[in-house]
Amino acid sequence: MAELSALVRFRGSLHLGGEGSISLSLDCDNAAISRKIIKLLKGTFNLTSQLMIEKEQKLRKRNRYLILIQNQPSLPQALNELGILDDRFFLTGGILPRQIRQSCCATSYLRGAFLGGGYLSSPEKAHHLEISSPSEELIEDLVKLLARFSLPASSYRKKDKEILYLKDMDKILSFLALIGAHRTLLGFEDVRIIKEIKNEVNRLVNCDTANVKRTVLAAQRQIEEIRKIDRTLGLNKIPPGLREVALTRLKNPQASIAEIGRMLNHSASKSAVNHRFRRIHQIAVDCGGSRLRDTGIPQDQESG
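Residues numbered from 1 in each chain as written. Predicted model: local features only at pLDDT ≥ 70, side-chain atom pairs only at ≥ 80, totals over all residues. Heavy atoms only, no water.

Interaxial distance between helix α8 (residues 240–251) and helix α10 (residues 270–286) falls to 10 Å at its minimum, and their mutual angle equals 95°. The angle between α8 and α10 places the two elements in the roughly perpendicular class. Taking contact as the criterion, the partners of Gly241, Leu242, Val245, Ala246 and Arg249 in α8 are, on α10, Arg276, Phe277, Arg279, Ile280 and Ile283. Residue composition of the contact of α8 with α10, by class: six nonpolar, one polar and three charged. (Axes fitted to C-alpha atoms, helices over the stretch in contact; angles between N-to-C directions. Helix = DSSP H or I, 4+ residues; strand = E, 2+ residues; numbered from the N terminus. Parallel < 35°, antiparallel > 145°, perpendicular 65-115°, else oblique. Contact = heavy atoms within 4.5 Å. Nonpolar A, V, L, I, M, F, W, Y, C, P; charged D, E, K, R; others polar.)

Have a look at this one:
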């Protein structure tokens, strides 16, 4: 009852004829939703309906399905029970409280509202779910209804329609779970997991690339400083520990600080090797190495 009420509210139009006759039409562009509406009308109120199909045209990519419920004795009472007409048989604007009193009815109403006026963007693109209606009162009631399920939604006016929307991925997934769209929910989760993996891979690749760049620039600076010391002072004049590190760097220009430490006769930690390179840098400065090309890499920031 609640789901059919929302479908009629979002897709239906009432037509008044002569002598107080009433007819109802529902306009859809989805065959499955059209079948559901016909089934619910028949099963709930035993209302007979006619289905008209307008085939796909050049400017319209989908078939159009028009469901007609002609004037029938039970139609006014059905519209009253669906909350479209009040007890005085006046047209209502929002959601009648009795229709969504129970949680199962409330979720069914949300399902019908989404099927009738909803839009969900592709998960590969921006996350966006919306439900639109010309009735501001109806959208306000839907916002309140979603708040009952801890799903805060926002709304705005666009031309002649009021639009409720959710943009947060977790909220969209919660909404899909709430209305029972589990297959779509799993599809969105798959896409989100793949996106997260790709982002993590890209982050690691970028991080590794930056580390390699820092290592290469630092090694290049160290080699220039070592050669400067060799030309001006001579490597045999510096302490043995520094000389060993300097010669190891000249032989292994691509090695990282950690690898240099493992290549020494007595293995040294990254901190110890880095300390020796700082001393080499200071000797190079004292020898006039301050005029060496500036690579922009701080002396103590070279990454292993």
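The next subject is the layout of surface pockets. When its volume is computed, the largest pocket comes out at roughly 940 Å³. As for the largest pocket, its lining consists of 29 residues, of which Ile33, Phe114, Leu115, Gly118 and Tyr119 are closest to the centre. For the lining of the largest pocket, the elements supplying multiple residues, two or more each, are α1 (2–11), α2 (31–45), α4 (103–117), β5 (118–120), β6 (129–133) and α6 (169–179). Residue lining of the second largest pocket: 14 residues in total, with Val8, Arg9, Gly12, Ile84 and Leu91 positioned closest to the centre. Mapped by element, the contributors of at least two residues to the lining of the second largest pocket are α1 and β1 (12–16). Of the residues forming the lining of the second largest pocket, the biggest block, three residues, is contributed by β1. Taken together, the residues of the lining of the second largest pocket break down into seven nonpolar, six polar and one charged. (1 Å grid on protein atoms, 1.4 Å probe; cavity = no way out; pocket = protein on both sides within 12 Å on 5 of 7 lines; lining within 4 Å. Points joined across faces, edges and corners; volume = space filled by probe spheres on them.)

Taken as a whole and assessed by the stated rule, the structure comprises two aromatic pairs. Centre to centre, the rings of Phe114 and Phe175 are 5.8 Å apart; their planes meet at 70°, and the pair counts as edge-to-face. One end of the pair, Phe114, is in helix α4; the other, Phe175, is in helix α6, and 61 residues separate them in sequence. Per residue, the accessibility class of Phe114 equals that of Phe175, and both read buried. With a centroid separation of 5.5 Å and an interplanar angle of 65°, the aromatic rings of Tyr156 and Tyr165 are classed as edge-to-face. (Phe/Tyr/Trp six-rings, centres within 6.5 Å; stacked < 30°, edge-to-face > 60°. Buried < 20%, exposed > 50% of the residue type's maximum accessible area, 1.4 Å probe, protein only.)

Under the definition given, this model contains 10 salt bridges. Glu54 is paired through a salt bridge with Arg64; the nearest N and O atoms lie 3.3 Å apart. Of this pair, Glu54 sits in strand β3 (residues 50–54) while Arg64 sits in strand β4 (residues 64–69); the two residues are 10 residues apart in sequence, bridging distant segments of the chain. A residue is classified by how much of its surface remains accessible, and Glu54, at 35% relative accessible area, is partly exposed. Where Asp170 meets Arg192, a salt bridge forms, and the shortest distance between an N and an O atom there is 2.7 Å. (Salt bridge = Lys/Arg side-chain N within 4 Å of Asp/Glu carboxyl O.)

A few words on the environment of Gly241. Residue position: Gly241 is located in helix α8. For the pair Gly241 and Arg276, spaced 35 residues apart in the sequence, the C-alpha separation amounts to 7.8 Å.

The next subject is a nonpolar patch on the surface. Side chains of Ile193, Ile197, Val201 and Val205 sit close together on the surface and give an oily, nonpolar patch of about 340 Å² of accessible area. Residue class for Val201 comes out partly exposed when judged on its relative accessible area of 42%. (Patch = residues over 30% accessible without salt bridge, like charges linked within 9 Å, V, L, I, M, F, W, Y side chains within 5 Å. Areas by Shrake-Rupley, 256 points an atom, 1.4 Å probe, with all protein chains shown as cover.)

Another point: the sheet that holds β1. Taken in spatial order, the four strands line up as β1-β2-β4-β3 in an open sheet, and their pairing is antiparallel. Each of the sheet's edge strands pairs with one partner strand only, and the pair in question is β1 and β3. With direction set aside, neighbouring strand axes in the sheet form an average angle of 20°. The pairing of strand β2 (residues 22–28) with β4 spans five bridges and is antiparallel. For Cys28, the partnering residue across the bridge sits in β4 and is Tyr65. Contacts from α1 reach β1 and β2, with the element oriented near 85° to β2. Those strands touched by α2 are β2, β3 and β4, and its axis lies near 10° from that of β4. (Pairing = 2+ DSSP bridges.)

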